[in-house]
Every structure is written in structure tokens, then in C-alpha cells.
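# Observations on the model geometry
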There are 2 protein chains.
Amino acid sequence: MIGVDWGTSSLRAYRIAPGGAVTDRLDRPGGILTVEGGRFAEALRDTIGPWIAAGETRVLLCGMIGSRQGWVEAPYLPCPAGPAEIAGATIPVPFPDAETRLVPGLTSSDEAGVPDVMRGEETKLVALADLLGDAPALACLPGTHSKWARLEGGRVTGFSTQMTGEAFAALSHHTILARTAEDGPDQPAAFARGLARARQPGGLLHHLFGTRALHLMDQLAVAETRSYLSGLLIGHEVASASKGVTRVQLVGAAGLAALYETALRDAGIEVTTHDPDLVASGLHHIGRSLGWL
Amino acid sequence: MIGVDWGTSSLRAYRIAPGGAVTDRLDRPGGILTVEGGRFAEALRDTIGPWIAAGETRVLLCGMIGSRQGWVEAPYLPCPAGPAEIAGATIPVPFPDAETRLVPGLTSSDEAGVPDVMRGEETKLVALADLLGDAPALACLPGTHSKWARLEGGRVTGFSTQMTGEAFAALSHHTILARTAEDGPDQPAAFARGLARARQPGGLLHHLFGTRALHLMDQLAVAETRSYLSGLLIGHEVASASKGVTRVQLVGAAGLAALYETALRDAGIEVTTHDPDLVASGLHHIGRSLGWL
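The following paragraphs examine the structure supplied in this document. (Residues numbered from 1 in each chain as written. Chains lettered and ligands numbered in written order. Predicted model: local features only at pLDDT ≥ 70, side-chain atom pairs only at ≥ 80, totals over all residues. Heavy atoms only, no water.)

A few words now on the overall build of chain A. If you tally the helices and strands in chain A, you get nine helices and 14 strands. Relative to the 2.2 N^0.38 estimate, which gives 19 Å for 293 residues, the radius of gyration of chain A is 21 Å and therefore close to what a compact globule would have. Residue burial in chain A is summarised as follows: out of 293 residues, 56% are buried. Look at the contacts in chain A between residues 6 or more apart in sequence, and 63% of them connect residues 24 or more apart. Counting every atom, chain A has about 11,500 Å² of accessible surface; 51% of that belongs to carbon and sulfur. In chain A, 24 positive and 31 negative side-chain charges are present, and the distance between their average locations comes to 2 Å. (Helix = DSSP H or I, 4+ residues; strand = E, 2+ residues; numbered from the N terminus. Rg over C-alpha atoms; globule rule 2.2 N^0.38 Å. Buried < 20%, exposed > 50% of the residue type's maximum accessible area, 1.4 Å probe, protein only. Contact = heavy atoms within 4.5 Å. Areas by Shrake-Rupley, 256 points an atom, 1.4 Å probe, with all protein chains shown as cover. Lys, Arg positive; Asp, Glu negative; His and termini not counted. Charge placed at Lys NZ, Arg CZ, Asp CG, Glu CD.)

What follows is about the relation of the copies chain A and chain B. The operation relating chain A to chain B is a screw motion whose rotation component is 180°, with 0.0 Å of axial translation and a residual RMSD of 0.0 Å. Both copies are brought into coincidence by an operation consistent with a two-fold rotation axis. Among all residues of chain A, the minimum C-alpha distance to the rotation axis is found for alanine 170 of chain A, at 2.8 Å. The overlap is high: 100% of the interface residues of chain A also sit at the interface in chain B, so the same surface is used on both sides. (Least-squares fit on C-alpha atoms with pLDDT ≥ 70 in both.)

What follows deals with the interface of chain A and chain B. In this complex, chain A contributes 46 residues to the contact, which on the side of chain B involves 46 residues. Taken together, both faces of the contact between chain A and chain B bury some 4,000 Å²; the carbon and sulfur share is 68%. Of all residues in chain A, Met163, Leu205 and Phe209 of chain A give up the largest surface area on contact with chain B, accounting jointly for 19% of the area buried on that side. Between chain A and chain B we count two salt bridges in total. (Buried area = accessible area lost by both parts, 1.4 Å probe. Salt bridge = Lys/Arg side-chain N within 4 Å of Asp/Glu carboxyl O.)

With that out of the way, let us pick up the environment of alanine 213 of chain A. Along the chain, alanine 213 of chain A turns up in helix H6 (residues 204-216). Overall, the relative accessible area of 0% leaves alanine 213 of chain A in the buried class. Not counting residues within four places of it along the chain, the set of residues in contact with alanine 213 of chain A comprises Pro115, Asp116 and Val117 of chain B.

All names here are of chain A. For the structure on display, the rule yields 24 salt bridges over all chains. With its nearest N and O atoms 3.1 Å apart, the salt bridge here joins arginine 12 to aspartate 27. With arginine 12 in strand E2 (residues 11-16) and aspartate 27 in strand E3 (residues 22-28), this residue pair connects regions lying 15 residues apart in the sequence. You can call aspartate 27 exposed: its relative accessible area is 53%. Aspartate 277 is the salt-bridge partner of arginine 25, the closest N and O atoms lying 3.2 Å from each other. Of the two residues, arginine 25 is situated in strand E3 and aspartate 277 in the loop between strand E14 (270-274) and helix H9 (279-289); the sequence distance between them amounts to 252 residues.

For residues that are not glycine, phi is negative in most cases, and the peptide bond is trans in most cases. Of note, the bond from cysteine 79 of chain A into proline 80 of chain A is cis; its omega dihedral lies within 30 degrees of zero at -5°. The residue aspartate 218 of chain B is not glycine, and still its phi comes out positive at about 60°. Counting through the fold element by element, aspartate 218 of chain B comes out in the loop between helix H6 (204-216) and helix H7 (222-241).

This part covers the sheet that holds E3 of chain A. Residue and element names in this part refer to chain A. Taken together, six strands build an open sheet; the order of strands is E3-E2-E1-E4-E7-E6 and the sheet is mixed. Of all the strands in the sheet, just E3 and strand E6 (91-92) have a single pairing partner and so form its edges. Alignment of E6 against strand E7 (residues 99-102), held across two bridges, turns out to be antiparallel. Looking at the pairing, proline 92 lines up with arginine 101 of E7. (Pairing = 2+ DSSP bridges.)

Our focus in this paragraph is helix H3 (residues 121-132) of chain A. Taking 1.5 Å per residue, twelve residues should reach 16 Å; H3 of chain A reaches 16 Å between its end C-alpha atoms and fits that length. The first or second residue beyond H3 of chain A is glycine 133 of chain A, which carries a positive phi of 80°. (Expected span 1.5 Å × (residues − 1).)

All told, the structure shown has eight aromatic pairs over all chains when counted by the stated rule. Look at tryptophan 71 of chain A and phenylalanine 95 of chain A: their rings are 6.1 Å apart centre to centre, the planes differ by 80°, and that puts the pair in the edge-to-face class. Note that tryptophan 71 of chain A is positioned in the loop between strand E4 (58-62) and strand E5 (77-78) and phenylalanine 95 of chain A in the loop between E6 and E7, a separation of 24 residues in sequence. With relative accessibility at 16%, the residue tryptophan 71 of chain A sits in the buried group. Its relative accessible area of 4% is what places phenylalanine 95 of chain A among the buried residues. Ring geometry for tryptophan 6 of chain B and phenylalanine 40 of chain B: centres 5.8 Å apart, planes at 80°, overall edge-to-face. (Phe/Tyr/Trp six-rings, centres within 6.5 Å; stacked < 30°, edge-to-face > 60°.)

Another point: the sheet that holds strand E9 (residues 115-118) of chain A. All names here are of chain A. The mixed open sheet is built from three strands, whose spatial order is E5-E8-E9. The sheet terminates laterally at E5 and E9, the two strands that pair on one side only. Inspection of the sheet shows strand E8 (residues 106-109) paired to E9 by four bridges, in the antiparallel sense. Each residue of the ladder has a partner; that of serine 108, found in E9, is aspartate 116.

What follows is the structure in C-alpha cells.
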């Protein structure tokens, strides 16, 4: 089968053997926002045409390609959901060259009944849940919108999102903090100070202004501000999302994963860090549930 | 005496009689950022020249005119501070037309030793503290950087800042929430939903993403998003800043004060709302401590 992770800004395609081995892969900048006039079929053909010519007959897509801005909208599937439920909720896609289906995102509600959503991460979580076995686990996928997912019995039983990465970008570029938040190398001591501050009273909105006050009182240098702010936001995220938790399964790109590992260990939480390259394995698991392999 | 509140974007001047009555006032858009090449003396002369020609000999300035970007930098004065301490820390300004002094900002440290700062609000608080008498009180001055100040015995004993207004602007304009946060009339029901959400677990960064998820799940309309987000942020501010408090003295412009009054009452806090036009009175109190009146 062919698996495709088609996001907002990039397209990653995998040729996957029946046993799950990736035999070929392509990484393109052609995210869904670069596709004009709904010409998704042409864009897909340009990428995976040679694999279809070589005999592949089935394509499974995941990511923002299934959103309102994508090719076909796949409604969010309620949790708990594992590969079987997800396979059963895949949506057919009008691609004449192969049998093509699209993985739905997931939705979950918290205790207050407020909904949450993910699209793309569910496929990685299917792979992670398979790796971890049946015991309950909490997974953290840090990023623009960090996902904290509860896994059990090979399924995603619920999750919550923290808007940490996007809030960091907006606050560090579009508030008074931008005047003193200089780009530059990570400053581990300033990051640690931000983490420690996040554990003190006052709330995030107070701690944000404190970043400015520390600078004005000559207690925080321009080169330290971004790392301090990053520690502040990640510290608040970890405190909110990991209440009562003793162990977290961490899945993120190297640099970001290292920051989260520091933040989690600092909060007394044990961390297991995983290879973030899980999408092809997740697509393979869902493909197997579809009876394709 | 003449009192001048000279901020980043505006200049307000008051001609004040010995008893405190304002006998004339001017409101100009000429904030310190509009003054080129440090020509502050010329800008001030253009505004209050006629009052000096009519016999005024003393000018007291407050606001951002005393910041690093202003005319003369007035260092932050540590709390506790009332009119006597503030008068003693005023800074002379090289304005040849009259004896001219500048009110310093204040600084305060929280339990963890992290500093906070204000500049301009101290003058309003001097007036409010005089109105309230000697008993301890908590004042809230909502805005871009909301100030929560403890008052006692006519002095500001400490304070903390919440970056609520500026965070609202950055998050509503420069994140994915901008796509669905339409300008428009206030939506009281959506504001109340945001306030209620702020009292639930998950943390602010989770609640922010929930604003997006509610929209995607058709549970929050485009016209409601700004008010919901406003309720969320003000709710988080009030929860953090008013822990253990039963009464707040509120000083803000009409529209914003009404939102904070709703948020505070919703949190079970009694509110006394004050006329926000306090600067001239504060300048008069400090002028009296200077022996000018």
C-alpha cells in the first residue's frame, strides 16, 4: 500500500510492504495550501504516480487533507478509537488511479463536555499505542498545538490540546515582549528559570508581564528572554496537562522533545522518548484493519 | 499648578487650583512616541504655554514621559509608597519655563522575589487611596496591562500586573483563532461562557485551543468568538489575581469596567466602581506633598 501524510505545508508519501517495512519514501513541500483550484488528484498523481505504475493499488491519506480546506472532509471520529474504529470511519476519495481512502481526525470531550479535536496525530498515536501494548499510558506530542493523549488497549481513549507553540509565537512576536525577545541559541538556565516561575502563583498572564518587568529591572537579558518565555509556557502546559501523572510517553522532533523532557523531569515525571517517525507505521496498522494487507 | 499625564499615545494637561479643582484641561494626541528628536520642551510649551503666560510656575508630569523612551528617566520607586514617598522621589526636568518635576513609576516584588512595575497608574492610585481612607483595599485597573494594587493607609503597599489586554490582542489577531474571531458587538452570553470555562480545569493554553475546537464542532459562532475569548482571558485574570478576595475597587473606562464588573461578580466578589478620571487628583495630592500648594 501507499501511505500519505498530507499536511498544511508538506506532503510525505511512503511505499509500505505488507509486513510494514517502508520500501520507498518522498518528502515534498507541496502542502494542501499550495494546491490550487482543488487539483488534489493531479498533485497526488505527480507524487506517487510511479509507485502506482509499479503495481500499487491502494492509497491511505491522513492529515489536513481531510479537513474543510482539504480534498474531502472527513468528520471527526469520537474517542475511544483504535485502528479498527478509524479504519471503519475512513472516507473514500475520488482518485481514479487507485482505491484511495482518508483517515478521519478524532474528537474527545473533557469532564465539562467541551470538545477537543486532532487531525493527523491520531495516525501516529495508533502506532504508538501498538508499541506500548495494553496498559494505560499518557502520550505527549509537543508542537504548535500540543496533544496529550490517553492510550489504553491499543486505542486513544481521550485527549486534550494545549495551544503552547502558537501562543509562544504570537506573544513573543506581537506583544511588548517582542522588543526584548531576540532570536538566538537556546539558553538552558533561562529556560529553567521560566519553568520554575511557572510553578509559582500568579497565573500565566501575570508571569508573561513579569518577563517584561524582569528585563526593565535588569534581571533578564535580551538574549535570555525567548528561552525564559519558552520555559514559562511549557511549564504552564506541563503543570496543567500532567496533573497526577507519573510517566509520560514523549513523541516530538529532537529539539522540542529535549525541552519537554527537561520540563517533565523537572516536574518529577518519568519520561520515555520515542522516535517521532511514526506516521508510516500508523498508516500500515490502519491499512491492515481495512483488510488491505 | 499644572499636571500633565503624558503617555505613549496621548497627552492630557490639567490646570489645578490650590484646593484641587481642575480649572482647565487639554487632551492632545501628542504622545511621547510622536515627539521627534527629544523635543519634549517644545512640545510641552506648545500645550501649556498659555497657562504659564497666565501665571502658573510649577508643572508635575506623570506617565511614560518618565520611561527610558521619554524625556528624563525616573527610576522605579519601591512599594510601599504614598504621595509623600512619591513626591520625595520626583525628578527635576530641564524645562526652562517653570519648575518642572516628574513622578516616578513604582516597583513591587511578589513572594518569590520577582519584580513588577507600573508607570502612570501610581498617580491614579494615590487619588484612589485618598478616597478609600486607611483600611486595606484591593484595586483593579483593567487594560492592556491590568494592575491589581493593594492599598492601605493612603499608600500602595504592593501590586501585580496581568498582561490580559495585550495577550487578547495578540492571540485574537495572530493565531488560528483570528480566522474565526470576527469584530462586532459584544456578546454577553458568549462572554459568560468564557468566564465559566476559565473556572474549569485544563489551564489557559488548553482553553485557548478549545475556542477553536468549539468552532469546528459548531458549538461557537464566528460572531461569538471574540467575546468568548475575552471572557476566557478576563476569567483567568480574575481567578489568579483575586484569590481569597471578597471586594475589589474597580477603576476603568466604561466598557472595560463593565466586563470586569461582570467577571468579578460572577466570581462572587463585591465590586465598587469608581470614576476613572483620577489623574488630576493624584497629581494634586503629590503636588501638595511637594509643598507646591
